[in-house]
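Each chain is listed here by its residues.
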Amino acid sequence: MVAIVMSLPRLNFANRRLRLIAILCLILGLAVFALLWLRQEADGFENLFSANYWAERSRGEDLYNPAEKFFKRGSRRLKEVCLTIDDGPHIASIGRILEVLHEQHVPATFFVVGSKVKQHPEFLRQMIEDGDEIGNHTEDHLRLDTLSPEEIRKELGFCEENVERACGHRMHLMRPPGMRFNAEVLKIADEMGYTIVGWNIGAKDFIPKKGVDKVPPTVQANLSTTPSMVAERVLKQAKNGVIILLHDEPTTADALPLIIDGLRADGYEFVSATEMMEQLPQHVVVQANPPIELHATTTSRTFIK
Ligand SMILES: [Zn+2]
C-alpha cells in the first residue's frame, strides 16, 4: 500500500497536494477498516469504546462473570451458536417452532413467561421431551429493576411454580425481561439458584401492535418485519459463540427454517445455553432443568398472588 502511494508521482499526479490527499484518503480508509474490524471483534461500538468491557475481557468475564453468575456469550474459538426463544409459549407459533427444531435436531433454550405457561402447559412437556431447555422469563414480563425485592421474588417464583406444575422440572436459567436488572435482581436470582443468560444478536422478529404498544407509526414501519428479513438479520450478524435472541412469534416460526439452513450452510453447530457454557474456557456447569417429583411442586415455596 505504502509503495503504491509513494509511486504516485510517477503516475503523473499534478502536484504534491494531490499526493497528500491520496495519502490522507488511504489513512482514513485504513482507520475505517480497523474500526469496523474492532467493532466486530468487540460485539459492537458500545463495547469497543468501553474501558470496562476491555478490562472484563482481559479477565474472561466478557463471556461469563462468576460473581454475577451472568453468561454473556460463548467461546470465540468455537463455530457454534445458541438459539434462545423468548416470551412464549404463544399458541400461534410455538407448535411450529417446536416441530422445526425437532425435525432439524436443533436444541433451543426457551425463556418462558409464567402467565403464558399457565395457559398452555402442554408445550413445556414437549420442550423437555425434545431435549430443549427452559428458563425463567418471569411471571408477567415485568421490568425487574423497577420492582421491590419482594415483587422480584414473586415474579420469578410464580413462573417457577407454573413451569414445575406444567412439566415437573425446575429451572436454573433466567433472562430478565428487556435485560433490565440491577444489583438486587442479581442477588435474588443467585439466591434462587439462577444463572442469567444474556444475548448478542437480536433478530428484531417482533412486530409492535398498533395502539397496544403505543409505538409511533414511523417507528412501527421500521420495526415491521418479514421472515426473510429476520433470517437475513441473523445470518448477517452470526459469528462464533453468539447467543441469538428470537421470540415465540409467527414470523419467527416462518423464519426458523431459513435461519437453521443458513447457519448450517455457513458451518455453525447449534448448542443449548448450558452446552455453550460448558465449552467456555472456565467450563461453567449448570443443569438447566433437573426433574422434581410432581407432588412436591408447591411444598418448597408458597407464593400468594
Ligand atoms: Zn421478553
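Right above here is the structure, for reference.
Residues numbered from 1 in each chain as written. Predicted model: local features only at pLDDT ≥ 70, side-chain atom pairs only at ≥ 80, totals over all residues. Heavy atoms only, no water.

Caption draft 1: The overall build of the protein chain, seen in detail. Counting its secondary structure elements, the protein chain contains 13 helices and 10 strands. Buried residues in the protein chain amount to 46% of all 305 residues. Contacts in the protein chain between residues far apart in sequence, at least 24 positions, make up 73% of those at least 6 positions apart. Carbon together with sulfur atoms contributes 58% to the accessible area of the protein chain, which is approximately 15,700 Å² in total. (Helix = DSSP H or I, 4+ residues; strand = E, 2+ residues; numbered from the N terminus. Buried < 20%, exposed > 50% of the residue type's maximum accessible area, 1.4 Å probe, protein only. Contact = heavy atoms within 4.5 Å. Areas by Shrake-Rupley, 256 points an atom, 1.4 Å probe, with all protein chains shown as cover.)

Caption draft 2: Local environment of the coordination of the zinc ion. The zinc ion binds to the protein through Asp87 (OD), His137 (NE2) and His141 (NE2); the donor distances cover 2.0 to 2.1 Å. We note that the donor set of the zinc ion lies within a single chain, spaced as D-x49-H-x3-H. Look at His141 and you get partly exposed, because its relative accessible area is 27%. (Donors = N, O, S within 2.8 Å, 3.2 Å for Na, K, Ca; no water.)

Caption draft 3: Here's a closer look at a nonpolar patch on the surface. Taken together, the side chains of Leu28, Val32, Leu35, Leu36, Phe45 and Phe49 define a hydrophobic patch exposed on the protein surface, amounting to about 580 Å² of accessible area. Among the elements that make up the nonpolar patch, the one with the highest residue count is helix 2 (residues 16-41) (four residues). With respect to the helices, strands and loops of the structure, Val32 is situated in helix 2. (Patch = residues over 30% accessible without salt bridge, like charges linked within 9 Å, V, L, I, M, F, W, Y side chains within 5 Å. Salt bridge = Lys/Arg side-chain N within 4 Å of Asp/Glu carboxyl O.)

Caption draft 4: View of the packing of aromatic side chains. By the definition in use, this model includes three aromatic pairs. Ring plane angle 10° and centroid distance 6.0 Å describe the contact between Phe45 and Phe49, whose orientation is recorded as stacked. A relative accessible area of 33% means that Phe45 is categorised as partly exposed. Taking the relative accessible area as the measure of exposure, Phe49 reaches 61% and is therefore exposed. Between Tyr53 and Trp54 the ring centres are 5.0 Å apart and the planes differ by 80°, which places this aromatic pair in the edge-to-face class. Relative accessible area serves as the criterion here: at 31%, Trp54 is assigned to the partly exposed category. The aromatic ring of Tyr268 is capped on one face by Lys79, whose charged end is 3.9 Å from the ring centroid. (Phe/Tyr/Trp six-rings, centres within 6.5 Å; stacked < 30°, edge-to-face > 60°. Lys NZ or Arg CZ within 6 Å of the ring centre and 35° of its normal.)

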